[in-house]
Amino acid sequence: MNPAPHPRPAPGLPGRRGLLGGLLAGAALAAVPVPALAAPARAGARPAPATAGPRATRPLLLGTYTSEAGGGAGIGTAAYDTGTGAITSGPVITGVENPSYLALHPSGVTVYAVAEQGAGAVTAVAIGPDGTYEVLGSRPTGGSGPTHLSVHPTGRWLLSANYTSGSVAVHPVAEDGSLGERTDLVTHSSPPPGPGQGGPHAHQIVTSPDGGHVLAVDLGTDTVYTYRLDASAGTLTEVSRAALTPGSGPRHLAFHPGGRFAYLACELDNTMVVCAYDPATGTLTPGPGQSTGTGSGLSYPAQPVVTGDGAYVYLANRGHNSLTRYAVEGDGAVLRLLDTVPVGGDWPRQLALSPDSSLLFAANQRSSTVTVFGVGPDGSLTAAGTPFPAPVAVCVLPLP
């Protein structure tokens, strides 16, 4: 069955993808052995550094759409060489529907996936000490088309964003990493949607670096909402809103490690916005939109990432099939456009840096590949090897 695509904000814009109707069928349990991958750390233990040797390998997980023609059968597993960036494929974690975004628990022993479909859900997957994976079960998000999730730094709460229904949800995380029943669901009912948007479209939910606030980016209302999370009840209380240019379509933001600035990619007007952040109040103050270096025409910027030292920011441009490189100046307050480089694939949906920021991974949805780049001391990007084939690659998650 080919489900109906997501509604889009304006005519001529590309659809996100098709959505399946129906919820995940129960808590399918599947233990997948991955003997070739290094065993992740147990809770409370410090994982081995990624630089354990020039030929060390670390695990890599891949998100896809299981309902799409040519898509995957679940969460893909792989390993990457920390020196060369070369990727080696592993088995697939089955029993997980449409895992289009993945997030790791702070303990390193559980991974969470959205189920991007009509009846949205989130799924927990345990990582065994021997490198095996086991699906622990799923919970409904209370909305449709979830596209992003993140784990609160305390490890006690899972946050998710429902794109199609424009809402954000909170689930408690148990000691074993499994998920409890949803504790909150907030729908973005105001302000009115931006020009041609049709409704709210929550695209990302993250916790600020200080842990004091939760920020939700809504593409449909051109707004970033700041919430305070009740650490006991798991409920969200709105404390402020940041209004972006009408019709700009804010999609994803990434914080500078200093915690006072964030970089926001706006999908519909080809801009990157530097936002000041006040940890005391949770207020986000956007600056003017800046060039992505992709020229005229829509490039549909998708996601920014920041190197661990805060020196460089990279942006994925889907329509332009490129990566923009910015230098960070003024302790995070300024982005200086340096250049763009070809991504080596089609429609780079998501980016991820290795834990030591020495490698950059790009998940290219339409070419079904992951491309890898070495990150130089000056932030320059050098293609590392040939693109790795991955069915409808929409998320890549390198594990520590």
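Residues numbered from 1 in each chain as written. Predicted model: local features only at pLDDT ≥ 70, side-chain atom pairs only at ≥ 80, totals over all residues. Heavy atoms only, no water.

A. Structural detail: the packing of aromatic side chains. Counted according to the given criterion, the structure contains four aromatic pairs. Consider the rings of Tyr225 and Tyr227, whose centres lie 6.4 Å apart with planes at 20°: the pair is stacked. Judged by relative accessible area, which is 1%, Tyr225 ranks as buried. For Tyr227, a relative accessible area of 2% translates into the label buried. Geometrically, the ring pair formed by Phe255 and Tyr277 is edge-to-face, given 5.3 Å between the ring centres and 80° between the ring planes. A residue pair is termed long-range when its members are at least 10 positions apart, and Phe255 in strand S17 (residues 250–255) and Tyr277 in strand S19 (residues 271–277) qualify at 22 residues. Across this residue pair, the class does not change: Phe255 and Tyr277 are buried. For Arg366, the ring lying beneath its charged end belongs to Trp347, and the centroid distance is 3.8 Å. (Phe/Tyr/Trp six-rings, centres within 6.5 Å; stacked < 30°, edge-to-face > 60°. Buried < 20%, exposed > 50% of the residue type's maximum accessible area, 1.4 Å probe, protein only. Helix = DSSP H or I, 4+ residues; strand = E, 2+ residues; numbered from the N terminus. Lys NZ or Arg CZ within 6 Å of the ring centre and 35° of its normal.)

B. Focus on the sheet that holds strand S15 (residues 223–229). A sheet is described by the order of its strands in space; here four strands give the open sequence S13-S14-S15-S16, paired in antiparallel fashion. Of all strands in the sheet, those bounded by a partner on one side alone are strand S13 (202–207) and strand S16 (236–243). Strand-to-strand twist of the sheet, defined as the mean angle between neighbouring strand axes without regard to direction, takes the value 20°. Both S13 and strand S14 (residues 214–218) contribute to a ladder of five bridges, which runs antiparallel. Each bridged residue has a counterpart across the sheet, and for Thr207 the counterpart in S14 is Val214. (Pairing = 2+ DSSP bridges. Axes fitted to C-alpha atoms, helices over the stretch in contact; angles between N-to-C directions.)

C. Region of the structure containing the side chain of Thr221. Position of Thr221 relative to the elements: it lies in the loop between S14 and S15. A distance of 3.0 Å separates polar atoms of two side chains, one belonging to Thr221 and the other to Tyr225. (Polar contact = N/O pair within 3.5 Å; in protein donor to acceptor, adjacent residues only side chain to side chain.)

D. The arrangement of the pairing of strand S2 (residues 57–63) in detail. Counting buried residues along S2, six of its seven residues qualify, which places the element largely inside the surrounding structure. By the bridge criterion, six bridges tie S2 to strand S3 (residues 75–81) in an arrangement that is antiparallel. Within S3, the residue paired with Leu60 across the bridge is Ala78. In this structure, S2 lies alongside strand S30 (residues 395–398), joined through four bridges in antiparallel fashion. For Leu60, the partnering residue across the bridge sits in S30 and is Pro398.

E. Representation of the pairing of strand S7 (residues 121–127). Most of S7 is tucked away: seven of the seven residues are buried. The antiparallel hairpin formed by strand S6 (residues 110–115) and S7 contains five residues in its connecting segment. Inspection of the sheet shows S7 paired to strand S8 (residues 133–140) by seven bridges, in the antiparallel sense. Following the sheet pairing, Val125 is matched in S8 by Val135.

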